[in-house]
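Spelled out, the chains give:
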Amino acid sequence: MCLFRRLSELFYRYVLDPLGFYVPRLSRAEKLLPEEIRLKWEREQEALKERLVLEDTEDLKVMATLGPEDTDLIKQFYIAGVDISFIKGDDVNACAALVILSYPQLEVAYNDCQMVKLTAPYIPGFLGFREVPMIQKLFDQLKRERPDLVPHCVMVDGNGILHPKEFGSACHLGVSLGLPCIGVAKKLFHVDGLEKDASHKEKIDKLEKGGDTFPLVGNSGKTLGMALRSCDTTKNPIYISQGHLVSMDTSVRLVQHCCRHRVPEPVRLADINSREYLRTLDDFVNGPTSS
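The numbering scheme is per chain: residues are counted from 1 as the chain's sequence reads. With the structure being a predicted model, the display of local features is reserved for residues of pLDDT at least 70 and the display and counting of side-chain atom pairs for 80 or more, all residues being used for whole-chain, interface and lining totals. The basis for the side-chain values is all heavy atoms of the structure; hydrogens and waters are excluded.

1. Here's the deal with the overall build of the protein chain
Then comes step 1: Helix and strand definitions follow DSSP, with helices as H or I runs of at least four residues and strands as E runs of at least two, each counted in order from the N terminus. Regarding its fold elements, the protein chain presents nine helices and eight strands.
Then comes step 2: Considering only contacts within the protein chain whose residues lie at least 6 apart along the sequence, 65% involve residues at least 24 apart.
Then comes step 3: Every accessible area reported is derived by Shrake-Rupley at a probe size of 1.4 Å, with residue values counting cover from the shown protein chains alone. When the accessible surface of the protein chain is totalled, it reaches about 15800 Å², and 53% of it is carbon and sulfur. Contacts are assigned to residue pairs that have any heavy atoms within 4.5 Å of one another.

2. Details of the pairing of strand 8 (residues 238-244)
Then comes step 1: Strand 8 sits mainly inside the fold: seven of its seven residues count as buried.
Then comes step 2: Strand pairing is assigned whenever DSSP identifies at least 2 bridges connecting the two strands. Bridging between strand 5 (residues 181-185) and strand 8 involves five bridges; their strand directions are antiparallel. Residue Val184 lies in a different strand from strand 8, and its bridge partner there is Ile240.
Then comes step 3: Judged from the three bridges that link them, strand 7 (residues 223-228) and strand 8 form a sheet pairing that is antiparallel. Looking across to strand 8, one finds that Leu228 is bridged to Ile238. Accessible area is worked out with a 1.4 Å probe on protein chains only. A residue is then buried under 20% of its type maximum, exposed over 50%, and partly exposed in between.

3. Let's talk about the sheet that holds strand 6 (residues 213-217)
Then comes step 1: Overall, mixed pairing links the eight strands, which are arranged 3-2-1-4-5-8-7-6 in an open sheet. A single partner strand is all that each edge strand has here, and the edge strands are strand 3 (108-117) and strand 6. Going from strand to strand, the sheet's axes swing by 25 degrees on average, the running direction of each strand aside.
Then comes step 2: Sheet topology note: the strand 6/strand 7 ladder contains five bridges and is antiparallel. Following the sheet pairing, Thr213 is matched in strand 7 by Leu228.
Then comes step 3: With respect to the sheet, helix 7 (residues 198-205) is in contact with strand 6 and strand 8, its orientation differing from that of strand 6 by roughly 160 degrees. Only the stretch in contact is used when fitting a helix axis, every axis being a line fitted to C-alpha atoms; angles between N-to-C directions are given from 0 to 180 degrees.

Now the structure itself:
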């Protein structure tokens, strides 16, 4: 097997690469992943994708019309953010965080952080199999302890249909939970011909103010997401894609409403909380670092 891999690498380097053929290079984790696991994940991913819905729920249709001035609500809405932060130098032990905010007020209603072990390897295209089960545990606890705060939408630090299989971690989480989900990424996922090339950078330069957008249209002709300049104080856009039970227009509206900084508040606070939890844990175990 090792000889076969070595011959394959040589064939790519000295035959296919010089001829201009694109052959995706596999990471070390991908090479070590048993073929039966890969096939199992592919089958499960396809089965989950069959349940994917890219249209708004009735609640989201209402939420998309709300602004900061709408405080006298018949029904209180909630929006969540999730994130996972890792211990430095450790790709197994991590902190999973869930934050729930009232909507449209954006006041914190619920926080939870838990240490988790991510035993599944990171394989591009299959991030959901690594992270979603850990995040799902946070929602299981939420449903037991505070069912009244189950959110009407979840924002994920990752991608939805902006993905090689059009089924990223935001889709995976949304279908698994049965909740609307939106993918919010800080970097462009290079898929379906989308690249951060000169043309893409030119479109970014044309985003003049917070709220300006441009569609992410792949070579297939499909709109896989939107680039959004989330506020006036940053030029770098964020990349929004549908996860589950939400339209593209509503995804952009909700994310834009939640942006006090570059990253929407639900995801930003989940990231802050998970990192702070790890710092507190490290101080408890090793003692605080001297300044």
